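Survey of secondary and tertiary structure
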Amino acid sequence: MPSQGTIGDRVRGLRLNRRMSQAQLAGPDLSDSYVSLIESGKRTPTPVVARLLAERLGCTTEFLLHGIEPRQRIDTELGLRHAELELQHGDPSIAADRFTEIVKAADEENAMLTAQARFGRARALEAQGRLGQAVEAFERLRREAAAHPERLADLPLTIALSRCYQRAGDHLRARDLAAAALAQAERLSISRGELATDLAAALVEARSERESESPGLAYVKRVLDTAGMPEVVDRSGEIQALWHASSAAAAGEDSALAVRLADDAIMAGRQTRLSLQLARTVMHWSRMATAPIEEAERFIAAAVQAFAVFPATMREHGESLIVHARVKLRAGDAVAAGELAVVALGLAHDRSGTTPAEAHLVLATVSLGQGVDASAHLRKAHELLDTFDRPVFGSDRQAARCWRELGDLYGRVGSRAQQTAAYRKALEAAGVRSAMAGVMVDTTVSR
């Protein structure tokens, strides 16, 4: 497809679109003044220089010199977008297959697109719960980012690795990686947007339970204060319609329109994804005993509303209700805490996760505070925790918290044997049971 303008126009347009400075585009091989001369039309790049610039700008040499985009690249761009839509709004296993097909079919001219496809495949593996394979893929990409920063950014890879290690139960490595990502984000003054939101979620999830003040938590609070809790709107119908229209345009050989429609579909879902990620961050932040009660109340109430929008987030809706109930207990409002726990219990139809057990623990706490017999709730919480099956994304720490709380409550009612047994279970649950046994990874956190 012909492109308007000169070589200089295309270089400048692509550079600005990728938010690069002239110095960043020049790199160690060229001078920023030479790039400026090319953009102003006073110099024409040699074939060698054009190939170098094209690789850094993520386009083909042919497009840079002649303004013509080969069909293969357009098809690859479209494939990437449809795979991303499958990952965000469809089946992550199908997304992984599509990203893999792009990697296999890509050529040297499309090195940046290949890198994007490999990153997408790693995220799809993570979404499936295949954490060992995801970590291996992210670690390889992170090593390559050091050699090819023009193709791969290290920061999102470090955040993804922290998230994977945390979910696999390796909390120490997750914290180290989150700290490395924080140092990089602070150096680049990143405090808003998608990367900042993902980093805040990783930091608050990986924090030590004894940690109440740290640079990481200060960053999390800064991101929350900046972003607030925007309203979540269900745009799934719009996304599906745009996705379908993009597929129809592709079938009709109108690849350029198909890419545009797929971009619109991805952007339509972006704000919802960010809002839900903020809601997850809020849920972890509000759990902290040191979180100011009024702020925790405001944030967690918004998170509850966000998770209530989608059937797919029903489980997180229940978890957020429990966090809200605990905030109410801290505020001295036992009646409201009990009501929230009952609602959460009603959402946990499949009895998976720790939410049903936590609901009974909250109700037991409320009963004891009111001088009412809590034995039925304690017994039910014990039964649920005994049958708790560790899900794909590890919740050992959460189960350990529940067992410890159950032990505390047994102590309050004088059941010493039960208290001791619960504490023993807490210690067992707190042990790292890695989902990545046998995986060889690079343990380097920072270069």
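Everything below is about the structure shown above.
Residues numbered from 1 in each chain as written. Predicted model: local features only at pLDDT ≥ 70, side-chain atom pairs only at ≥ 80, totals over all residues. Heavy atoms only, no water.

Quick word on helix 1 (residues 7–17)
Put simply, the rule is: Exposure categories follow from relative accessible area, calculated using a 1.4 Å probe and restricted to protein chains: below 20% of the type maximum is buried, above 50% is exposed, and the middle band is partly exposed. Numbering of helices and strands starts at the N terminus; helices are DSSP runs of H or I of at least 4 residues and strands are runs of E of at least 2. Our arc is simply the arc of the directions from the helix axis toward the C-beta atoms. Pairs of residues are marked as contacts when any of their non-hydrogen atoms sit within 4.5 Å. What qualifies as a polar contact is a pair of N or O atoms within 3.5 Å, subject to a donor-acceptor requirement within protein and to the restriction that residues adjacent in sequence count only when both atoms come from side chains.
Among the residues making up helix 1, those that are buried are Ile-7, Gly-8, Arg-10, Val-11, Leu-14 and Arg-15. Seen along its axis, helix 1 keeps its buried residues to an arc of 165 degrees; they face one direction. Structurally, helix 1 contributes buried residues whose contacts are with helix 2 (22–26), helix 3 (32–39), helix 4 (47–57) and helix 5 (61–66). With a side-chain oxygen lying 3.3 Å from the backbone nitrogen of Gly-8, the N-terminal cap of helix 1 falls on Thr-6.

Some points on the packing of helix 6 (residues 71–89) against helix 15 (residues 255–286)
What counts is decided by this rule: Throughout, an axis means a line fitted to C-alpha atoms (over the contacting stretch in the case of helices), and angles, computed between N-to-C directions, take values from 0 to 180 degrees. Orientation labels follow simple angle bins: below 35 degrees gives roughly parallel, above 145 gives roughly antiparallel, 65 to 115 gives roughly perpendicular, and whatever is left gives oblique. Helix crossings get a hand from a simple test, with the near helix turned counterclockwise from the far one by less than a right angle marking a left-handed crossing and a clockwise turn marking a right-handed one.
Close contact between helix 6 and helix 15 brings their axes to 9 Å; oriented N to C, the two are set at 30 degrees. The angle between helix 6 and helix 15 places the two elements in the roughly parallel class. In terms of crossing hand, the pair formed by helix 6 and helix 15 is left-handed. Judged by residue contacts, Arg-71, Ile-74, Asp-75, Leu-78, Arg-81, His-82, Glu-84, Leu-85, Gln-88 and His-89 of helix 6 engage Ser-255, Ala-258, Val-259, Ala-262, Asp-263, Ala-265, Ile-266, Gly-269 and Arg-273 from helix 15.

Points about the side chain of Glu-84
Of note, Glu-84 is situated in helix 6. Judged by its relative accessible area of 16%, Glu-84 falls in the buried class. At 2.5 Å, the side chain of Glu-84 and the side chain of Arg-123 are in polar contact. For Glu-84, the residues in contact, after removing those within four places along its chain, are Phe-99, Arg-123 and Ile-266.

Comments concerning the packing of aromatic side chains
Heads up, the rule is: By convention, a stacked pair of Phe, Tyr or Trp rings (six-membered ring in the case of Trp) has centres within 6.5 Å and planes under 30 degrees apart, an edge-to-face pair has planes over 60 apart, and any other such pair is tilted. Comment: the charge-over-ring label is applied if NZ (Lys) or CZ (Arg) is within 6 Å of the ring centre and within 35 degrees of the ring normal.
In this structure the tally under the stated criterion is 2 aromatic pairs. On the basis of an interplanar angle of 65 degrees and a centroid distance of 6.0 Å, the ring pair of Phe-119 and Phe-138 is categorised as edge-to-face. Of the two residues, Phe-119 is situated in helix 8 (residues 111–127) and Phe-138 in helix 9 (residues 131–147); the sequence distance between them amounts to 19 residues. Since its relative accessible area comes to 21%, Phe-119 is described here as partly exposed. Aromatic side chains Trp-285 and Phe-299 sit 5.7 Å apart centroid to centroid with 90 degrees between the ring planes, which places their arrangement in the edge-to-face category. Of this pair, Trp-285 sits in helix 15 while Phe-299 sits in helix 16 (residues 293–307); the two residues are 14 residues apart in sequence, bridging distant segments of the chain. Across the pair, Phe-299 and Trp-285 agree in class, each one buried. Directly above the ring of Phe-119 sits Arg-123, whose terminal nitrogen or CZ lies 5.1 Å from the centroid. Its guanidinium or amino end placed over the ring of Phe-299, Arg-298 lies 4.7 Å from that ring's centre, counting from NZ or CZ.

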